[in-house]
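A structural walkthrough
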Amino acid sequence: MTDPVFFAPSRRYTAGEVANLTGASLLDTAQAEIAIEALAPANEGGDGALVFVDGKRNFALMQSLRAAAVLCPADFASKAPPGVAVLMHPRPQQAFAMVGRLLFPHAATPGPMTGETGISAHAFVDPSAHIEEGVIVEAGAVIGPGVSIGSGTVIAPHAVVGRSCQIGRDGFVGPGASIQYALVGNRVIIHGGARIGQDGFGFVGGAKGPERVPQIGRVIIQDDVEIGSNSTVDRGAMSDTIIGQGTKIDNLVQIAHNVRIGRNCIIAGLSGISGSVVVGDNVTMGGGVGLADHLTIGPGAKLAARSGFMNNVPAGEIWGGYPAQPMAEAMREIAMLRKMARTRKQGDGNG
């Protein structure tokens, strides 16, 4: 049995073409016709592969490269082995990613899983739904009454789009995902198993225990957002839960009711954002970050992985720890604790 090839290159590119497409400078123009038909990490490479090397700690990889071409900073170029086309670029990783999207377009944008086109005979689409030409609805999917879906969008097998939801153009709703009480923009990718628009966690104490507070808000997902597998975005209680344009959310992330996330944020896996948190534009959250309710995270802030937040974070600052605080303070505390531990250990040894 042969190994399956899940992603085949769209076509071959030459080193000269890559230089033109990315704005890189080719060190030796005589190597412009070297063919590139694969991507690889710099420590592996291979025939026909494009690799990238960036950062001082990776500099040593240059001398042992086995590849057709390398994207690297200009000051790395002289260390490449003979025969490897050197493409000098100030941001090698970003240029590498661009080439990757061209070589493997189906890996960059999810597509139909069954190969079907149009609306599958095995899907349920309510007669009142408005489905533009060019939408693909695969087997087992359910499209509720009053739904609107724009052209180029794929609804994968067993996905469910609830009553009156609107989904823009050129998007993707993954297998088994569910969307309800939501307005979704263009070019939005919602991966398999994600849950959008379910009840927020709203309860109030009653005579017989917690009593539900009706959650009557919506979820608004703006253009170019990506939401990872098995992540959840609760609908608002009375106002809306909003995910800003260009924001990327990893797998297994919880976003509670009334949260407002700005544009171009990065939220890594296992993070949890409690109700009514406001996150500014261009915020980065490491994996496993936890935010208490009603906090404000300023634009451009960076939140370190596994940190727990109970206070607002000013714009542009780097915070970490548990409880989280400015990173410089957190590092000083760690250093002090280590010093105290060493002193205690030395004292015990002398005794």
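Below: a short report on this structure. One numbering rule holds for all chains: residues counted from 1, following each sequence as written. Where totals are concerned, whole chains, interfaces and linings use all residues; where local detail is concerned, this predicted model gives features only for residues with pLDDT of at least 70, and gives and counts side-chain atom pairs only at 80 or more. Values reported for side chains reflect all heavy atoms of the structure, with hydrogen atoms and water molecules removed beforehand.

**Considering the overall build of the chain**
Spelled out, the test is: Counting from the N terminus, the helices are DSSP H or I runs at least four residues long and the strands are E runs at least two residues long. Buried, partly exposed and exposed residues are distinguished by accessible area as a fraction of the type maximum, computed with a 1.4 Å probe on protein chains only: under 20%, between the cut-offs, and over 50%, respectively. Residues count as neighbours in contact if any of their non-hydrogen atoms are within 4.5 Å of one another. For the accessible areas, the method is Shrake-Rupley and the probe is 1.4 Å, while residue cover comes only from the protein chains on display. When charges are tallied, Lys and Arg are placed among the positive residues and Asp and Glu among the negative ones, while His and the ends of the chain are skipped. Lys charges are placed at NZ, Arg charges at CZ, Asp charges at CG and Glu charges at CD.
Each helix and strand counted, the chain has 4 helices and 39 strands in total. Projected onto its principal axes, the C-alpha positions of the chain cover 75 × 75 × 40 Å. Here the chain holds 351 residues, and 44% of them are scored as buried. Sequence separation of at least 24 residues holds for 20% of the intrachain contacts in the chain that already meet a minimum separation of 6. In the form shown here, the chain has an accessible surface area of approximately 18400 Å², with 55% of it arising from carbon and sulfur atoms. Computed over 27 positive and 29 negative side-chain charges, the inter-centroid distance for the chain is 9 Å.

**A word on the sheet that holds strand E5 (residues 49-52)**
How we decide: Any two strands with at least two DSSP bridges between them are considered paired. The axes used here are C-alpha line fits, helices contributing only the stretch in contact, and every angle between their N-to-C directions lies in the interval 0 to 180 degrees.
Here 5 strands make up an open sheet; going across it, the order is E2-E7-E6-E5-E4 and the pairing mixed. In the strand order of this sheet, the two ends are held by strand E2 (25-26) and strand E4 (38-39), each with one partner. Relative to strand E7 (residues 85-88), E2 runs antiparallel, the two being bridged by 2 bridges. Within E7, the position partnered with Ser-25 by the bridge is Met-88. Against the sheet, helix H1 (residues 15-22) contacts E2 and E7, and its axis sits at roughly 5° relative to E7. Across the sheet, helix H2 (residues 92-103) lies against E4, E5 and strand E6 (69-72), angled at about 150° from E5, the strand it touches most.

**Digging into the pattern of salt bridges**
The cut-off we apply is this: Every case where a carboxyl oxygen of Asp or Glu lies within 4 Å of a side-chain nitrogen of Lys or Arg is listed as a salt bridge.
In the structure shown here, the tally under the stated rule is 9 salt bridges. Note that Arg-187 and Asp-224 form a salt bridge whose closest N and O atoms lie 2.7 Å from each other. Of the two residues, Arg-187 sits in the loop between strand E18 (182-184) and strand E19 (189-190) while Asp-224 sits in the loop between strand E23 (219-221) and strand E24 (226-227), which places them 37 residues apart along the sequence. Since its relative accessible area comes to 23%, Asp-224 is described here as partly exposed. Counted as one network, the salt bridges with shared partners bring together Arg-187, Asp-223 and Asp-224.

**What to know about the nonpolar core**
Inclusion rule: Residues grouped as a nonpolar core are buried Ala, Val, Leu, Ile, Met, Phe, Trp, Tyr and Cys residues, joined through side-chain atoms within 4.5 Å.
By size, the foremost hydrophobic cluster in this structure holds 52 residues, and its most contacted members are Ile-155 and Ile-221. The contacts of Ile-155, once residues within four sequence positions are left out, are Ile-136, Val-137, Glu-138, Ala-141, Ile-143, Ile-149, Val-161, Ile-167 and Val-173.

**As for the packing of aromatic side chains**
Cut-off, in case you're wondering: For this analysis, a ring pair means two rings from Phe, Tyr or Trp (six-membered ring only for Trp) whose centres lie within 6.5 Å, classed as stacked if their planes differ by under 30 degrees, edge-to-face if by over 60, and tilted for the remaining angles. By definition here, charges over rings are those cases where NZ of Lys or CZ of Arg is within 6 Å of the ring centre and within 35 degrees of the ring normal.
Applying the stated criterion to the full structure yields 4 aromatic pairs. Centre to centre, the rings of Phe-59 and Phe-76 are 4.9 Å apart; their planes meet at 75°, and the pair counts as edge-to-face. Here the residue Phe-59 occupies a position in the loop between E5 and E6, and Phe-76 occupies one in the loop between E6 and E7, the gap between them amounting to 17 residues. An angle of 25° between the planes, with centres 6.5 Å apart, marks the rings of Phe-309 and Trp-319 as stacked. Of this pair, Phe-309 sits in strand E37 (residues 308-309) while Trp-319 sits in strand E38 (residues 318-321), and the two are 10 residues apart along the sequence. Using a relative accessible area of 9% as the deciding quantity, one classes Trp-319 as buried. Over the ring of Tyr-13 we find Arg-11; its NZ or CZ atom is 3.9 Å from the centre of that ring. Over the ring of Tyr-181 we find Arg-235, and its NZ or CZ is 4.4 Å from the ring centre.

**Focus: the side chain of Thr-247**
Along the chain, Thr-247 falls in the loop between strand E26 (241-243) and strand E27 (248-249). Classification of Thr-247 as buried rests on a relative accessible area of 0%. Ignoring any residue separated from it by four or fewer positions in sequence, one finds Thr-247 in contact with Asp-224, Val-225, Glu-226, Ile-261, Gly-262, Arg-263, Asn-264 and Cys-265.

**Considering unusual backbone geometry**
Geometrically, the link from Tyr-322 to Pro-323 is a cis peptide bond, its omega value of -5° lying close to zero. Take Pro-323: it is sitting in the loop between E38 and strand E39 (324-326). Phi at Asn-230 takes a positive value of approximately 60°, unusual for a residue other than glycine. As for its placement among the helices and strands, Asn-230 is situated in the loop between E24 and strand E25 (232-233). Look at Asn-282: it is not a glycine, yet its phi comes out positive at around 60°. Relative to the elements of secondary structure, Asn-282 occurs in the loop between strand E32 (278-279) and strand E33 (284-285).

**Describing a nonpolar patch on the surface**
The test is simple: Exposure above 30% relative accessible area and the absence of a salt bridge qualify a residue for a patch, where like charges join within 9 Å and nonpolar side chains (Val, Leu, Ile, Met, Phe, Trp, Tyr) within 5 Å.
A cluster of nonpolar side chains, contributed by Phe-124, Val-142 and Val-160, occupies part of the molecular surface with about 220 Å² of accessible area. In this structure, Val-142 sits in strand E11 (residues 142-143). Judged by relative accessible area, Val-142 falls into the partly exposed class, the value being 30%.

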